[in-house]
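Residue-level structural notes
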Amino acid sequence: MRKVVFAFLAACSVLGCTTPEVGPGNTDVPGETGIKIPIKISMSGWTRVSDTNYENGDQVGIYVVNYTDGQPGNLAPSGNHVDNMRFVNESGDWTPDEDVYWKDKDTEADFYCYYPYMDAANVSSCTFSVQTDQSTLANYKKSEFLWGKATAISPTEVAVPIITDRCMSNMLIYVAPGKGFTEESLAEADVRVEICNTRTSAAVNLSTGAVTAQGGVQTITPYWTGEYYRAMLVPQEIAAGTNLINVYVDGVKYSLAKAATFSPNVRHKFTVTVNKTSGGIDIGIGGWEDDDEDNGGSAE
């Protein structure tokens, strides 16, 4: 499972002061006795522009829920220790809209993080939609949703690391030459790809990161990388017999009906082989990237 690490910078520059300003819902700050938690960096991310980390200007929302008598609290729409505070990535440093502080030097807390930031996030059912036109890199990026939680964190003067997972699924489509085609002839053809009959809206539970597809189905235009097509999809089940992929070769449409399961934080690879036959073009689909099942099929 591929992850991205978000380091929540809990106003470290003021934590060592003796007379700090008190932030929202806070009465004290930790001293030198706080437990040191190292910042952990993961370079295995895939879906950001750099394919590794958050980018400059990215905005996340942070909730902090304190423990009471050693027991964790529940994330609520409001009244948490920190409610939906926006943090902005500025050249690798995460800056909050307002300074926020720990309750005191002893009280543990759970941290919830999500991306992209929303002014009015619904913690039980945060509505998010992927773009139907992901043919541009900007719209592809707008289709990303990340969520993470760090639990039982003791007050500390250093950054609290929060690992955020990708809540959306990723689809990679490779178009390969088959019978009657060469790589050169296929490259010279006018080839377009559509992803069909998928729901593009989702409800994300910010307490758990669980995603539920909702709304009607639409068609998604994926982003062409120069090597393959890729798109963010809401996690969902595609029923057998459903037209999933349209491939256009010089204006002629050929459709592939296929059952599929799109899972959160997983990229699914489809290799579509185009073959000239007496009936036109035959399209076969290779296996999932991490699946041993034979997902072969053809389109007429």
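All values derive from a computational prediction rather than experimental measurement.

So, the overall build of the protein
- Each helix and strand in the protein was counted, giving 3 helices and 19 strands.
- Counting the 300 residues in the protein, one finds 50% classified as buried.
- For the protein, the exposed area adds up to about 13800 Å²; of that, 47% sits on carbon and sulfur atoms.

Quick word on the side chain of T242
- Within the element layout of this structure, T242 appears in the loop between strand 14 (236-238) and strand 15 (243-249).
- There is a polar contact of 2.8 Å between the side chain of T242 and the backbone oxygen of A239.
- Beyond its immediate sequence surroundings of up to four residues, T242 is in contact with N197, L256, A257 and K258.

Some points on the nonpolar core
- F145, L206 and I245 are the most contacted members of the largest nonpolar core, which totals 47 residues.
- Per-element tally for this core: the top contributor is strand 10 (residues 191-204), with 5 residues.
- I62, W94, F111 and I162 belong to the second largest nonpolar core, which has 19 residues in total.

Quick notes on the pairing of strand 11 (residues 211-220)
- Inspection of the sheet shows strand 10 paired to strand 11 by 7 bridges, in the antiparallel sense. Within strand 11, the residue paired with S201 across the bridge is Q214.

Quick look at the confidence of the model for the protein
- The pLDDT averaged across the protein works out to 79; a share of 75% of its residues lies at or above 70.
- Every residue in residues 8-50 scores below 50 in pLDDT, and together they form 121 contacts with partners more than four places removed in sequence or on other chains.
- In the predicted structure, residues 291-300 sits below a pLDDT of 50 and forms 23 contacts with residues beyond four places in sequence or in another chain.

Rules behind the numbers
Residues numbered from 1 in each chain as written. Predicted model: local features only at pLDDT ≥ 70, side-chain atom pairs only at ≥ 80, totals over all residues. Heavy atoms only, no water. Helix = DSSP H or I, 4+ residues; strand = E, 2+ residues; numbered from the N terminus. Buried < 20%, exposed > 50% of the residue type's maximum accessible area, 1.4 Å probe, protein only. Areas by Shrake-Rupley, 256 points an atom, 1.4 Å probe, with all protein chains shown as cover. Polar contact = N/O pair within 3.5 Å; in protein donor to acceptor, adjacent residues only side chain to side chain. Contact = heavy atoms within 4.5 Å. Core = buried A, V, L, I, M, F, W, Y, C linked by side-chain atoms within 4.5 Å. Pairing = 2+ DSSP bridges. pLDDT = per-residue confidence, 0-100.

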